[in-house]
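Close look at the chain arrangement
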Amino acid sequence: MSLRNVEGKCAAPVGASCVATRGFSVETSSPTYENAADTLPSKGGGASLDASAKSSIVDRQDDYQNALTAVSESLNAGSPTSATGSAAAPRLSIDKTFQKYGEDDAIDYDALYEEEEDSTISMEAHGSMISHLISQVKIGMDLTKVVLPTFILERRSLLEMYADYFAHPDLFLRIAEMETPRERIVETCRWYLSAYHAGRKSAVAKKPYNPILGEVFQCYWDLPDETPDENVVNDGPVPWCHRNQLTFLAEQVSHHPPISAFYAEHVNKKITFSAHVWTKSKFLGLSIGVHNIGEGIVTLVEHSEEYIVTFPNGYGRSILTVPWIELGGTVEIRCPQTGYHATIEFLTKPFYGGKRNKVTAEIYAPNEKKPFVSIAGEWSGLMEAKWHDKNKTEVFVDVNRIPIFKKQVRPIVEQEEYESRRVWKEVTAGLKFNDIEKATNAKCAVEQIQRDQAKNRKENETQWEHKYFRPVGENWIYTKPLSQRVYQQGKESKR
């Protein structure tokens, strides 16, 4: 994962149905699924700054506050009232909040999301702001309420970034094609180890937008070798897609704590992936750490197997100069039905020497203490496998030599109100054209609407209604998984 929720308000029964209901442990109390926190910088001590730097910082904070106030006044002035005279809940539309791009020049918003990110960002060029932010935080501090500057943002939502797990959809689908449990655990590890490099679009660490509560992202992939199938999956996560396409759906199901849920499926291959991730970010001195709490489950419907995976932590290093991302920590992949399991270690770079992005993995057969294969290399490059039972070493996967399949997203003009690219399009335009003021205003507008909606729900004692996922304990489960639909179709066919 990348540096995730460190921006603004910051901030993955078996049988016929194979519905996943695994749990995960957390260190805090149960989630409250909507409280929107104030995102203005907190007062804090820390390193002192010179007078000119303080003046510059005050001016920038005033600009942010003025933008926030202007957005709030604009929204309040345009809010409709109900029959009782009370203000109705504001709609998630920032179109009338500020001058849009595109009124003087035609802007292709869809193209803004497809173009490569600028990788020339340097924190040294914004030294006074970054120094001031660091002066507000302490080692180990949760970064939920610390505002980071707009210029470090990546031009996409975190929900869209999660889709990069399937940048190699052919590797994911190959899991379902394997004939034996041993082959299937190996292919699951091959897909998993190849799933992280595509999310790092540049060598410089940038942070995706924090999804707002209820935000949704949908996409799909076409695979060239798939058998044509024009049957539309009307009850699937992307209802305009076909049975031979891999489809993906993500929803932000909680704002505090920030929890994202996502689901992917391929109907013809009878394979799905369901996950929920709760991100907890902390300040570590010259780094920022993101702890990813949660799990994902690969479900093979025809084999009645589940492969449960966990996620590594992410670290943003060198935040005072040119920031970069690395992954660290131990993750597991295990299949309760067969007993096959794997341990993967993402290794952080030593302070002196060493290489970045190192990873090792070991895969075990049921009831065995020694692995039958060991894997080592770089998750951003070449990984080799040593087969202990064959005394053979070979390339396991080289992510730089396999194709990345481009995800397909419907045009913004066709998207619904809460879809990611529509929600953030003005922020994206501001960042693309280096108009930081306009990007900040757009970001403030989105955040202010979310606060107003949370306030309205509290006053009216109503709860947020999730659209695609439901809570099961501390898990988040897609409401209509393929395994459940196949099971129901089987029952109906026997009637």
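Look up a bit, the structure's there.
Reading the values: the criteria
Residues numbered from 1 in each chain as written. Predicted model: local features only at pLDDT ≥ 70, side-chain atom pairs only at ≥ 80, totals over all residues. Heavy atoms only, no water. Helix = DSSP H or I, 4+ residues; strand = E, 2+ residues; numbered from the N terminus. Buried < 20%, exposed > 50% of the residue type's maximum accessible area, 1.4 Å probe, protein only. Areas by Shrake-Rupley, 256 points an atom, 1.4 Å probe, with all protein chains shown as cover. Contact = heavy atoms within 4.5 Å. Disulfide = S-S within 2.5 Å. Phe/Tyr/Trp six-rings, centres within 6.5 Å; stacked < 30°, edge-to-face > 60°. Lys NZ or Arg CZ within 6 Å of the ring centre and 35° of its normal. Axes fitted to C-alpha atoms, helices over the stretch in contact; angles between N-to-C directions. Parallel < 35°, antiparallel > 145°, perpendicular 65-115°, else oblique. Nonpolar A, V, L, I, M, F, W, Y, C, P; charged D, E, K, R; others polar. Pairing = 2+ DSSP bridges. Polar contact = N/O pair within 3.5 Å; in protein donor to acceptor, adjacent residues only side chain to side chain. Core = buried A, V, L, I, M, F, W, Y, C linked by side-chain atoms within 4.5 Å.

**Observations concerning the overall build of the chain**
Along the chain, the regular secondary structure elements total 10 helices and 17 strands. Considering the chain as a whole, with its 495 residues, one finds that 55% of them fall into the buried category. When the accessible surface of the chain is totalled, it reaches about 22,100 Å², and 48% of it is carbon and sulfur.

**Side note on helix α5 (residues 169-177)**
Residues of α5 that are buried: P169, L171, F172, L173, I175 and A176. Buried residues in α5 make contact with α6 (181-193), β3 (216-221), β4 (246-254), β5 (259-266), β6 (271-283) and β7 (288-300).

**Concerning the state of the cysteines**
Note on terminology: disulfide describes a covalent bond linking the sulfur atoms of two cysteines. For the structure shown, the criterion picks out zero disulfides. Free of any disulfide, C241 has its nearest neighbouring cysteine sulfur in C219, separated by 8.7 Å.

**Thoughts on the packing of aromatic side chains**
Remark: the centre distance and the inter-plane angle together describe each pair of aromatic rings, the angle taken between the planes. As enumerated under the stated definition, the model contains 24 aromatic pairs in all. With a centroid separation of 6.3 Å and 25° between ring planes, the pair formed by F372 and W387 is classed as stacked. Here F372, found in the loop between β12 (358-364) and β13 (373-378), pairs with W387, found in strand β14 (residues 382-387); they are 15 residues apart in sequence, far enough to count as distant. Classification of F372 by relative accessible area gives buried; the value is 7%. Taking the centre distance of 5.9 Å and the plane angle of 55° together, the rings of Y418 and W464 count as tilted. Taken together, the residues span a long stretch of sequence, with Y418 in the loop between β15 (392-398) and α7 (420-423) and W464 in the loop between α9 (436-460) and β16 (469-472) at a distance of 46 residues. You can call Y418 buried: its relative accessible area is 19%. Lying over the aromatic face of F372, R182 brings its terminal NZ or CZ to 4.2 Å of the ring centre.

**Comments concerning the packing of α5 against α6**
For the pair α5 and α6, interaxial distance at closest approach is 8 Å and the crossing angle is 170°. When the interaxial angle is binned, α5 and α6 end up roughly antiparallel. Contacts between α5 and α6 involve L171, F172, R174 and I175 from the first element and R184, E187, T188, R190 and W191 from the second. A per-class count over the contact of α5 with α6 returns four nonpolar, one polar and four charged.

**Let's talk about the pairing of strand β17 (residues 475-478)**
Of the two faces of β17, the one lined by N475 and I477 and the one lined by W476 and Y478 are each fully buried. Here β16 runs beside β17; their pairing, made up of four bridges, is antiparallel. Note that in β17 the partner of V472 across the bridge is N475. Between the antiparallel neighbours β16 and β17 lie two residues, among them G473 with a positive phi of about 65°.

**Re the side chain of Q450**
You can see Q450 is positioned in helix α9. Of note is the side chain of Q450, whose polar atom sits 2.7 Å from the backbone nitrogen of L213.

**Quick look at the nonpolar core**
F166, F172, Y192, F248 and F273 are the most contacted members of the largest nonpolar core, which totals 62 residues. It is α6 that provides the largest number of residues to this core, a total of six residues. In this view, F166 contacts F172, W191, W221, L246, F248, A264 and F273; residues no more than four positions away in its chain are not counted. Core analysis: the second largest hydrophobic core is formed by 18 residues, L112, Y209, I212 and W464 among them.

**A word on unusual backbone geometry**
A cis amide bond links H256 to the next residue, P257, at an omega of 0°. Here P257 lies in the loop between β4 and β5. Of note in the backbone geometry, S304 takes a positive phi value of approximately 55° without being a glycine. Its location among the elements puts S304 in the loop between β7 and β8 (305-309). Overall, S304 belongs to the partly exposed group, its relative accessible area being 26%. Phi at N357 is positive, roughly 65°, even though this residue is not glycine.

**Overview of the pairing of β3**
Burial of β3 is extensive: six of the six residues sit out of reach of the surface. Every second residue of β3 is oriented toward a common face, with V216, Q218 and Y220 on one face and F217, C219 and W221 on the other, all of them buried. Relative to β4, β3 is paired through six bridges, and the arrangement is antiparallel. Looking across to β4, one finds that C219 is bridged to F248.

**Let's talk about helix α8 (residues 425-432)**
In terms of burial, α8 is a largely internal element, seven of the eight residues being buried. Every buried residue of α8 is listed here: K425, E426, V427, T428, A429, G430 and L431. Those residues of α8 that are buried are in contact with α2 (109-114), β1 (153-157), β2 (207-209), α7 and α9. In the stretch just after α8, N434 is the one whose phi turns positive, near 60°.

**Description of the environment of C444**
Its location among the elements puts C444 in helix α9. For C444 and V427, which are 17 residues apart along the polypeptide, the C-alpha to C-alpha distance reads 9.5 Å.

**Section: the environment of F262**
When you line up the elements, F262 lands in strand β5. Spatially, the C-alpha atom of F262 lies 8.8 Å from that of V277, the residues being 15 residues apart in sequence.

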